[in-house]
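Structural description and commentary
The lines below spell out each chain.
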Amino acid sequence: MSTYRDFALSHRGAARGTVLRTVGTRERRSLLTAPRVPTVGIDIGGTKVMAGVVDADGVILEKIRTETPDKSKSPKVVEDTIVELVLDLSDRHDVHAVGIGAAGWVDADRSRVLFAPHLAWRDEPLRDALQSRLAVPVMVDNDANTAAWAEWRFGAGRGEDHLVMITLGTGIGGAILEGGQVKRGRYGVAGEFGHMQVVPGGHRCPCGNRGCWEQYSSGNALVREARELAAADSPVAYNIIARVGGNVSEITGPLITELAREGDAMCVELLQDIGQWLGVGIANLAAALDPSCFVIGGGVSAADDLLIGPARDAFRRHLTGRGYRPEARIAKAQLGPEAGMVGAADLARLVARRFRRATRRRVERYERYAQLGLRTPTGPTPPPEPKDQDQQ
């Protein structure tokens, strides 16, 4: 039986693309009751591009990854990489939409990457470029927003109406969810918490300013402090110096966490310092946003209570109105490094719902013209769709 999918593929000449099929008459209206169809999530970082097929329950059906093309290359090189990953997955799965979580600023329309620090994207029309090549609806968002959405839907933030996520990696990213919606701000770039100034005249930040929060509570801050102690041949750093054979440049965040778990006093203290700065920043955010929950994600959060314990203590000490107001819950993210990918796929499912509605209306319009024996307004008449019921 021919379908609108067949019509669209032949009409567009997309040999390996996929297009949404229309559904029956029932449409569910809630944001959280989008069609239960498989979608692809893409997480683009400075070192890797991870793609996965995710079902409506947040379960990853298949995941593949590749290295991020060098940032000096043209934006089209990264675009080609994304397309190849999606087409590879679509060979084995019926993909209905694609969501992109990008490490960078995305405009309020979620169509253009305004700036990506690790890639050559500057006001890049990523959504339209990918949509024209993949023949499915595409959603683009900041990777912290997609990770926060995933934690709210399937992870540590379930059941929370007011949630703030903080991602601790090389720097600090963040996102705000309120009433089931990601708050992106007027221009789409809300949640850049890492660049709040916490120490006037402090460490220089790559953003150009001094004293940004991420210079005191991030993976970069953790590694910087450890390397400075090791380079100064501090007695407290002898253990880590021995572990890297004297090569200070080989000191990494995961190594510091590993040694802290083994009881190394210096590494434990460094994580406590990072955690205390984390708590200070969270207290500032609580004063401004008053959420019910903070979810801490990103690679540095792997230190668990070595980091989050000191953060909770510092949060209670610095919280405005402490003792006279409810305290927000501070929880570690549950979905790990796949959170951005899962969230991007789930947000794309909402776009798929809107595309389904538009496609169904278009097919119905074609059918009405055919019944009346009239010429269709544009293009060939698609074949009729089977009236499948929407899946629950």
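Relevant structure appears above.
All figures in this text were calculated on a predicted structure; none of them were measured in a lab.

Time to look at the pattern of salt bridges. Following the criterion strictly, the structure yields 22 salt bridges and no others. The closest approach of N and O atoms between R133 and D80, which form a salt bridge, is 2.7 Å. Of the two residues, R133 sits in helix α3 (residues 126-134) while D80 sits in helix α2 (residues 75-90), which places them 53 residues apart along the sequence. Judged by its relative accessible area of 26%, D80 is partly exposed.

Once that is clear, we can look at the packing of aromatic side chains. This structure, assessed with the given rule, holds four aromatic pairs. Relative to F315, the ring of F294 has its centre 6.2 Å away and its plane inclined at 65°; by these criteria the two rings are edge-to-face. One end of the pair, F294, is in strand β12 (residues 293-297); the other, F315, is in helix α9 (residues 305-318), and 21 residues separate them in sequence. Judged by its relative accessible area of 0%, F294 is buried.

This brings us to the sheet that holds strand β9 (residues 162-168). Here five strands make up an open sheet; going across it, the order is β11-β10-β9-β12-β13 and the pairing mixed. Taken across any chain shown, the strands that pair with only one partner, and hence form the sheet edges, are β11 (181-182) and β13 (329-332). Two elements, β9 and strand β10 (residues 172-178), share seven bridges in a ladder whose sense is antiparallel. When the sheet's bridge partners are listed, V164 is paired in β10 with I176. The strands that helix α4 (residues 143-154) touches are β9, β10, β11 and β12; relative to β10, the one it contacts most, it runs at about 50°.

This part covers the sheet that holds strand β4 (residues 98-102). Reading across from one edge, β3-β2-β1-β4-β8 is the order of the five strands in this open sheet, with mixed pairing throughout. The open sheet terminates on both sides in strands that have one partner only, identified here as β3 (60-67) and β8 (138-142). Neighbouring strand axes in the sheet, compared pairwise and without regard to direction, differ in orientation by 15° on average. Sheet topology places β4 next to β8; five bridges connect them, and they run parallel. Note on β8: the bridge partner recorded for I100 is V140. The strands touched by α3 within the sheet are β4 and β8, with β8 carrying the most contacts at an inclination of about 150°.

Further remarks concern the pairing of strand β2 (residues 48-54). Summarising burial for β2: seven of the seven residues are buried, a large majority. Residue alternation in β2 divides its side chains into two sets, K48, M50, G52 and V54 and V49, A51 and V53, and both sets are buried. By the bridge criterion, six bridges tie strand β1 (residues 39-44) to β2 in an arrangement that is antiparallel. Among the inter-strand pairings, G41 is bridged to a residue of β2, identified as G52.

Below, the discussion takes up a nonpolar patch on the surface. Among the surface-exposed residues, W105, L114 and F115 lie close enough to one another that they form a single nonpolar patch of about 250 Å² accessible area. Along the polypeptide, F115 turns up in strand β6 (residues 113-115). You can call F115 partly exposed: its relative accessible area is 33%.

Before going further, it helps to examine the environment of E228. Among the structural elements, E228 can be located in helix α5 (residues 219-231). When its relative accessible area of 43% is taken as the criterion, E228 is described as partly exposed. Separated by 20 residues in the primary sequence, E228 and V248 have C-alpha atoms spaced 8.7 Å apart.

So, on to the nonpolar core. Residues I166, I240, L278, F294 and F315 are the most contacted members of the largest nonpolar core, which totals 44 residues. Those elements that place two or more of their residues in this core are β9, β10, α5, α6 (238-243), α7 (253-261), α8 (265-289), β12 and α9. Among the elements that take part in this core, α8 stands out by supplying ten residues, more than any other. When neighbours within four sequence positions are excluded, I166 is seen to be in contact with I172, G173, G174, F193, W213, L278, I282, L285, F294, V295, I296 and G297.

The rules behind these values
- Counting of residues starts from 1 at the beginning of each chain's written sequence and follows it residue by residue.
- Since the coordinates come from a predicted model, pLDDT governs what is reported: local features require at least 70, and pairs of side-chain atoms require 80 or more to be given and counted, while whole-chain, interface and lining totals use all residues.
- Values reported for side chains reflect all heavy atoms of the structure, with hydrogen atoms and water molecules removed beforehand.
- Basic side-chain nitrogens of Lys or Arg form a salt bridge, by our definition, when they fall within 4 Å of a carboxyl oxygen of Asp or Glu.
- To qualify as a helix, a DSSP run of H or I must reach at least 4 residues; to qualify as a strand, a run of E must reach at least 2; elements of each kind are numbered from the N terminus.
- Each residue is assigned to one of three classes by its accessible area relative to the maximum for its type, calculated with a 1.4 Å probe on protein chains only: buried under 20%, partly exposed between the two thresholds, exposed over 50%.
- Aromatic contacts are taken between Phe, Tyr and Trp rings whose centres are within 6.5 Å, Trp giving its six-membered ring; a plane angle under 30 degrees counts as stacked, one over 60 as edge-to-face, and the others as tilted.
- Pairing between strands is defined by DSSP: at least two bridges between the two strands are required.
- Whether two residues are in contact is decided by their heavy atoms, any of which lying within 4.5 Å being enough.
- Lines fitted to C-alpha atoms define the axes here, with helix axes fitted over just the stretch in contact, and angles between the N-to-C directions of these axes take values from 0 to 180 degrees.
- Patch definition: residues above 30% relative accessible area lacking any salt bridge, with like charges linked at up to 9 Å and the nonpolar side chains Val, Leu, Ile, Met, Phe, Trp and Tyr linked at up to 5 Å.
- All accessible-area figures derive from a Shrake-Rupley calculation using a 1.4 Å probe, and residue coverage is judged against the displayed protein chains alone.
- To qualify as a nonpolar core, a set must consist of buried Ala, Val, Leu, Ile, Met, Phe, Trp, Tyr and Cys residues joined through side-chain atoms within 4.5 Å.

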